[in-house]
Amino acid sequence: MKYAYIEITKKCNLSCPFCPSANLNGHRGEMPLSLFEKILENLQGKVQEIFLHVLGEPLLHPQFAEILKAVDASGLKLNLTTNGVLIAKHADKLLASSALRQINFSTHAYAYLPKEKALNVLNDSFAFAERLNAERPEVYLNFRLWNDKADATSDAWNETVFRLLSERFQADLSPTAFSVRHKSFPITGRLYLHRDSRFIWPNGLGEEKENGTCHGMIDQCAILFDGTVVPCCLDYKANIPLGKIPGETWDSIFQSEKAERIRKGFEQHKLLDPFCKRCPFARRFR
């Protein structure tokens, strides 16, 4: 398996209208460092890379520095997706991390902040990108705009990001329409602008579709903050619990009858679980 998404916290310092995190109320736990280290042990030889989120802002974790050290020691490659609000605080630690492979800034989230704060956070992300390009040129960075044509607010913010990125990095980033075959636009070095349409998080509701597939169980899985293992990074409520670490091991979870059934279904382009049948994201894959 290529990726494991590890949700080190469900807490977030923003409340974006497109994210279910805004409606979690009191269900915002954090993963203890000891559990995180146990999960890394289970992932050895099983996955190639990890992400530190499902929901939540990973840089909010009070032991983020220790988590980063544990990843460095594990030998796994790290991909980090962040809203960037705390990037200046953690910049030195991230730039020193031997595990860091890619960092993604969710710049579409800034569209719903007061303009001054949005511009300050964007400027912090630009400053980090400049340091990364100079000090760690082998690491990828994506400025994500995943709200194309979502609403008037997002459209206006997108235009601002295009303009400021172009000015700061002397790049040609005219706001032309993206397509499924052309979503990433090079800025400089390994810095990219990544555009996409906003997707709807699955909630187990809606019309069922029998045919379809997913990267879950084949290329990826997710582990929620309490150690519950689920097939994919969108199952933030554990609608399809496969097992739990540390009570169970990776092999016992993924060799179970339930896991094998879901995986074989995806390979045969069959959606077998009711949650998968109603997942709008699964319909993106052909």
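The sections below set out a description of the structure shown in this document. (Residues numbered from 1 in each chain as written. Predicted model: local features only at pLDDT ≥ 70, side-chain atom pairs only at ≥ 80, totals over all residues. Heavy atoms only, no water.)

## Some remarks on the overall build of the chain
The cut-off we apply is this: Secondary structure is summarised from DSSP: a helix means a run of H or I of at least four residues, a strand means a run of E of at least two, and numbering begins at the N terminus for each. Note on method: radius of gyration uses C-alpha positions; expected globular size equals 2.2 Å times residues raised to 0.38. For every residue, the accessible area (1.4 Å probe, protein chains only) is compared with the maximum for its type, and the residue is labelled buried under 20%, exposed over 50%, or partly exposed between those bounds.
For the chain, the helix and strand inventory stands at eight helices and ten strands. The C-alpha atoms of the chain give 19 Å as radius of gyration, which agrees with the globular expectation for 286 residues (19 Å, within 12%). Taken along the three principal axes of its C-alpha coordinates, the chain extends 55 × 45 × 35 Å. Counting every position in the chain, which comprises 286 residues, the buried fraction comes to 52%.

## With respect to the pairing of strand 5 (residues 140-145)
Selection rule: For two strands to count as paired, DSSP must find a minimum of two bridges between them. Assignment of crossover handedness uses the view with strands pointing away from the viewer, where a clockwise path from the first strand over the helix to the second indicates a right-handed crossover.
Buried residues dominate strand 5, accounting for five of its six residues. Pairing of strand 4 (residues 100-106) with strand 5 involves five bridges; the strand directions are parallel. Pairing of Ser106 across the sheet is with Arg144, part of strand 5. Remark: the strand 4/helix 4 (residues 115-135)/strand 5 crossover connection has right-handed handedness. As paired strands, strand 5 and strand 7 (residues 191-195) are joined by five bridges and run parallel to one another. Looking across to strand 7, one finds that Leu141 is bridged to Leu191.

## Here's the deal with the sheet that holds strand 5
Spatial strand order, 6-7-5-4-3-2-1-8-9-10: ten strands in an open sheet with mixed pairing. Two strands lie at the open edges of the sheet, namely strand 6 (184-188) and strand 10 (243-244), each paired on one side alone.

## Concerning the side chain of Ser125
For clarity, the cut-off: Polar contact is the term for a pair of N or O atoms within 3.5 Å; when the atoms are in protein, one must be able to donate a hydrogen and the other to accept it, and sequence-neighboring residues count only if both atoms are side-chain atoms. Should any heavy atoms of two residues lie within 4.5 Å, those residues are counted as being in contact.
Among the secondary structure elements, Ser125 is positioned in helix 4. Looking at Ser125, its side chain comes within polar contact range of the main-chain oxygen of Leu122, at 2.6 Å. Aside from chain neighbours lying at most four places away, what touches Ser125 is Ile87, Phe105, Tyr110 and Phe143.

## Section: helix 4
Along an α-helix, a turn takes 3.6 residues, which lines up residues three or four apart on a common side. Here is the rule we go by: One fewer than the residue count of a helix, multiplied by 1.5 Å, yields its expected span. Arc definition: it is the arc formed by the directions from the helix axis to the C-beta atoms.
Over its 21 residues, helix 4 runs 30 Å from end to end, which matches the ideal 30 Å to within 8%, given 1.5 Å per residue. If you check which residues of helix 4 are buried, you get Ala118, Val121, Leu122, Ser125, Phe126, Phe128, Ala129 and Leu132. Down the axis, helix 4 shows its buried residues gathered within 165° of arc, on one side only. Opposite the buried face of helix 4, at more than 90 degrees from it, the exposed residues are Glu116 and Ala134. Packed against the buried residues of helix 4 are helix 3 (87-96), strand 4, strand 5, helix 5 (152-169) and strand 7.

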